[in-house]
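For reference, the chains in residue letters:
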Amino acid sequence: MNPLRLLATAACLCALPAAQAQEAAPQPTVLTCDHSDIWTVGNETHALCTGSVTLTGTDLRILCDRLEMTAENIGDKTSTIPTLDKFNYLLAIGHVRIVQGDREATCGRAEVLPRDNKIVLTQEPVVIDRGTGWTEAGETITVLRGERRVIVEKPRMTGPPVKDLGFNQEEATPRGAAAPAAPAK
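In this report, the structure presented in the accompanying data block is examined. Counting from 1, residues in each chain are numbered in the order their sequence is written. Where local features are concerned, this predicted model is filtered to residues with pLDDT of at least 70; where side-chain atom pairs are given and counted, the filter is 80 or more; whole-chain, interface and lining totals use all residues. The basis for every side-chain value is the complete set of non-hydrogen atoms in the structure, without hydrogens or water.

### A few points about the overall build of the protein
Tallying secondary structure elements over the protein gives one helix and 12 strands in all. Shown N-terminal to C-terminal, the secondary structure of the protein runs as helices and strands in the order α-β-β-β-β-β-β-β-β-β-β-β-β. For the protein, with 185 residues in total, the buried portion stands at 35%. In these tables, accessible area is a Shrake-Rupley quantity obtained with a 1.4 Å probe, and a residue counts as shielded only by the protein chains included in the view. Put simply, the protein shows about 11,700 Å² of open surface, and 51% of that area lies on carbon and sulfur atoms. Secondary structure counts use DSSP, requiring at least four H or I residues in a row for a helix and at least two E residues in a row for a strand, with both numbered from the N terminus. Partly exposed describes any residue whose relative accessible area lies between the buried limit of under 20% and the exposed limit of over 50%, with all areas from a 1.4 Å probe on protein chains only and scaled to the type maximum.

The following block contains the structure:
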């Protein structure tokens, strides 16, 4: 099997949390770019993909200028390109765009740390959730998978309108308050 395909598959498993309501049918993982370089050091295989990088898979699309990946090797460690097992790290740099279901994230840098179940978006990150109508932006956006948690440094959030919560004078006077005086005749 193509080692880039295995690395790309692992990257898909570690990307933004999948939508809960509906699971997408499995799709092949495809990685395209202008140039790739793959090398092995010890028990790890590294890949560097540059130029018009596109990674697509089940309910996921990542576009960027540069993609760095690392995975652990299994099987014959002496082969030119060993079989890959555990995905350790993914770094997408330059015009990063990640689309999954109703969500889209854009930033200059996206770092995926699967062992920590964490994704860190930096360099003007913005996450748009079209399903809820919310947009989050900030200096850094950290997504903690499995915790249903997002941490945003210096957030700027925009959401759908909230109904008017203002005081309605036609409603009854709140308990304990004096009734308004009747107008003078």
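Now, onward.
### Here we look at the nonpolar core
The biggest cluster of nonpolar side chains holds 25 residues, and the ones touching the most others in it are Leu-31, Leu-67, Met-69, Val-96, Ile-98, Ala-110 and Leu-121. Mapped onto this core, the elements with two or more residues apiece are strand E3 (44–57), strand E4 (60–74), strand E5 (83–100), strand E6 (103–113), strand E7 (118–122) and strand E10 (140–144). Contacts: residue pairs with any heavy atoms within 4.5 Å of one another. Setting aside residues no more than four positions away along its own chain, Leu-67 makes contact with Leu-31, Ala-47, Leu-48, Cys-49, Val-53, Leu-90, Leu-91 and Ala-92. Put simply, a nonpolar core is a bunch of buried Ala, Val, Leu, Ile, Met, Phe, Trp, Tyr and Cys residues held in one set by side-chain atoms that sit within 4.5 Å of each other.

### Brief notes about the environment of Arg-130
Secondary-structure assignment places Arg-130 in the loop between strand E8 (126–129) and strand E9 (134–137). Residue class for Arg-130 comes out exposed when judged on its relative accessible area of 52%. With 26 residues separating them in the primary sequence, Arg-130 and Glu-104 have C-alpha atoms 8.3 Å apart. Separated by 3.2 Å, the side chains of Arg-130 and Glu-104 make a polar contact. Counted as a polar contact is a pair of N or O atoms within 3.5 Å, where, for protein atoms, one must be capable of donating a hydrogen and the other of accepting one, and residues adjacent in sequence contribute only when both atoms are in side chains.

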